[in-house]
Every structure is written in structure tokens, then in C-alpha cells.
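Observations on the model geometry
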Amino acid sequence: MKQHKLIEPKKPIFTLIESPYAYNPDAKPKNIIDYLESTFKRESKEKTENEIRGVLQVIGYLFTSGNIYNTLIFLVGIGGSGKGTLATIIAEIFKGNTTQLDFSKIEKDSHATSILIGKHLNIVRETRTEIVEDNTTYKILSGNDSIDVNPKNKPPYELPAEEVPKSLMNANNLPNFRNPDVSILQRFVLIEFKNIFRNTSDDVRNLAELITNSSDDMEWLIYNSLQEFKKMVESNEDFILRLNEKETLKLLHKHSKPLNYLIRKLILKHDAEAYETDIKIMNDTVNSNGATKFVTPYIVADELKELIVYLSKKEGVQIPLDKTGKVNGKKLLNTIRDEFDLFDYHPNDSSKKYTTINKRINGKQQRIYPELIKTEEYDILLKEMKK
């Protein structure tokens, strides 16, 4: 791997890196290219190609031993977007040499790390989404260091750095890190899935099976992934998908607290004075023509719920919905309280909690969130949704 060429070994070689597929530069793919181009379709052809190159780099890197680039790889995004397909394909590439160790088990079970012995890749399907208070476990398994293992009924020992599997996490939402410092943010490589295919006309049934049962598809993927990783190494570059700390933190917030993220895109601020003084007030921003934009200092509850669901699909984030596909009103209210620090506040001082109230609008009684100012994007998205 260091020389990027095939060699004929003079004696048997033991390696953790095995794959049942051939190294074939001439493979003729059937489905894998369509899968990548549709799953990682972005705003432009150039951005789509860049995203695919980034994914291929990561897969190529998975063939190396140890974790010299100190990576924590996440497949993250909305359900039905193809995450599971890619995780299945990657697992098939290293068939027999993968394991599934949830990081949270390490803190509770001293024997948990023994499952990593003799494995090349750790694929975690669905990560815990509660708050992560301590980043230590994530740093240990994303570093290029040896780790302590404690097999049952055997003496504990150190697993050498080159034998510690890399970890790939597949989840709709990311863990919520309490203190995501620079040292942990620099390790994240996030592969974002934004496009929903499940139950749409673009949904290809058994796609993972079609790809993994096609030698040409798998061989094309392996060859091109290794080539992209080789280019990355030779040009002394980092992963395309590894963002700077600021952008990583933004993406982490988007997929660890998705409802909060969406609220901030739709609600500019809380303004009690504006609600008391006039039905229409000046927004803090102006529209694209430079004209003053006037808004009402409240938001209709049912309208916001619909818009949240619409925006979640547009942004590719997974939010909790009830059986009817709607946002839970209590959950949404608590998120608004959280974002604007309203847990101990009420417009009428009749209680100590901000809540929705009744208001007659155009002759119709409706529940509203009072004193909230819409972002300019709110009305743009509302018109888009109603088309």
C-alpha cells in the first residue's frame, strides 16, 4: 500500500486486509456508478463529482492498516437515502474481517474491546444519540495508537496500532458531544446523505444485493477507490470530505440536534416588545431588492409544523415524527424554548413557561407561537412548499 503497486510475495504474508474480489482495472460496472451519482447528487455536476471522489478516497483508505489519518468516519443523513446500502457494500468488501462494536459499550464492559481482535473494520450501525460527556473513547478508537484489550478468561494485552480496526458509523443522527473540542472535530470525516429514495420512483429494490452480487460493480469500486486514495497521498492532501473545525461543528450540530438546526433556519429571534407594540414590525433584514421587509411577530403552529417536515427533507436531516408523519407539538415547543431560552418565560406572566396561545387570524381561531420573528427564508420556503 505504501508503494501503491502489486507485489509477488516470496513467502506467505499474514494480513488483516482481505477481500473476496479481484483487483481489476478493466471492470465494467452495471449499478455502482448510478448509485453514487444519484445518492451524492449535489447542486452542480462539479460538486457531485467532488463528493463522489471524497467517498472513494475514504473507501480506498479503509484498505490501509492502522489509522494514520486519525479518522472517525460517519455515514449520516435522513432515512431512506442510501446509507445502509453503502455500509453493506463496504462490509462486503472486507467480508469476514468486520465487527460491530458500539463505542458506548466500551465504557460499560471492560471486555468489549476484545471483539476488535483480528478484525480490520468496525462498522457501527446506529450510534447512540444521547449527550457524550467524555470524548476519550472516540479519541482512542480514532487515533493511531495501540489499545488495551481484555478478553474473557485470557490475560489482558495491548492490541498494536496497526491491528486496531478503523471505525465507520452509520446513523440517521450523530452523537451529541457536550464539548466537541478541536482535537475531536479534526478526526471527523462526514459522508452526508441528503437525498431520499425510499418509497419514491427512484427507489431501486435490493440495490445493495444487486451491487454486491456483481463482481464488476465491486471490482470497479475497489479499483477506483484505491486510485483516488493513491492520488490523495501522492499530492499530499487531506480527505476532500474532512472540513475545517467551524464547518464540521456546523454539520455536527445539524445532524445531532436537527430540530434545533431547522428552527434556527426558520426563526430569526424572540422579540416580546415587537409583539406588544404592533401587528407588523420591521425585520432585521431587507429583501433582495433592498426594500424593508415587514413581518408579523408570531408564527402559526400548524404552518410551522408543516414547514419543519418540508425543510427536513430538503436539508436531509432526520427528525422525530409521529405516526401521521407530523412533528410532535410538545417536542417542537421545547426546542423553541431551548433555542431562545424561554423555559422560565411567559408572555402574560401567568405561568413560568413560554407556550402557544390562541389568536383569531382572518376570522379563524388558531394556535400561534407569540413573539417570534420569521427569517426571510421562512416565507420563501412556504411558497415553495405550497407549489
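Check the entry above for the structure.
Residues numbered from 1 in each chain as written. Predicted model: local features only at pLDDT ≥ 70, side-chain atom pairs only at ≥ 80, totals over all residues. Heavy atoms only, no water.

All right, on to the sheet that holds strand β7 (residues 166-171) then. If you trace the 5 strands from one edge of the open sheet to the other, you get β2-β3-β7-β1-β9, paired in parallel fashion. Single-partner strands in this sheet number two, and they are β2 (98-99) and β9 (188-193). Taken together, the 4 bridges between strand β1 (residues 72-77) and β7 define a ladder with parallel strand orientation. Bridged to Ile-73 within β7 is Leu-168. Across the face of the sheet, helix α9 (residues 245-256) comes into contact with β1 and β9 while running at roughly 50° to β9. (Pairing = 2+ DSSP bridges. Helix = DSSP H or I, 4+ residues; strand = E, 2+ residues; numbered from the N terminus. Contact = heavy atoms within 4.5 Å. Axes fitted to C-alpha atoms, helices over the stretch in contact; angles between N-to-C directions.)

Right, let's get into the nonpolar core. The nonpolar side chains of a soluble globular protein tend to be buried, and buried together. With 40 residues, the main nonpolar core has Tyr-35, Leu-86 and Ile-191 as its most contacted residues. Counting residues per element, the ones that place at least two in this core are α1 (32-39), α2 (45-61), β1, α3 (83-93), β3 (121-125), β9, α7 (207-212) and α8 (215-234). With 7 residues, the top contributor of residues to this core is α8. Non-local contacts of Leu-86, meaning those with residues more than four positions away in its chain, are made with Tyr-35, Phe-40, Val-55, Ile-59, Leu-75 and Phe-193. Core analysis: the next-biggest nonpolar cluster, separate from the first, contains 27 residues, Ile-319, Leu-342, Leu-372 and Tyr-378 among them. (Core = buried A, V, L, I, M, F, W, Y, C linked by side-chain atoms within 4.5 Å. Buried < 20%, exposed > 50% of the residue type's maximum accessible area, 1.4 Å probe, protein only.)

This brings us to the pattern of salt bridges. If charged atoms from side chains of opposite charge come close, those side chains can pair. One pass over the full model with this rule turns up 18 salt bridges. Salt-bridge contacts for Arg-53 lead to Glu-228; the nearest nitrogen and oxygen are separated by 3.1 Å. Here Glu-228 lies in helix α8 and Arg-53 lies in helix α2, a separation of 175 residues in the sequence. Taking the relative accessible area as the measure of exposure, Arg-53 reaches 32% and is therefore partly exposed. Here the salt bridges share partners, and the residues they tie into one network are Glu-192, Lys-194, Lys-254, Lys-265, Glu-315 and Glu-377. (Salt bridge = Lys/Arg side-chain N within 4 Å of Asp/Glu carboxyl O.)

Okay, the sheet that holds strand β14 (residues 357-361) next. Spatially, β13-β15-β14 is the arrangement adopted by the 3 strands of the open sheet, whose pairing is antiparallel. Two strands in the sheet have a free side with no partner beyond their single neighbour: β13 (298-300) and β14. The sheet shows a mean angle of 50° between the axes of neighbouring strands, taken without regard to direction. For β14 and strand β15 (residues 364-370), the ladder comprises 5 bridges, and the chain directions are antiparallel. Across the sheet, residue Arg-360 finds its bridge partner in β15, namely Gln-365. Packing against the sheet, helix α12 (residues 301-315) makes contact with β13 and β15, and its axis sits at approximately 75° to β13.

What is shown is where atoms sit, not what they do.
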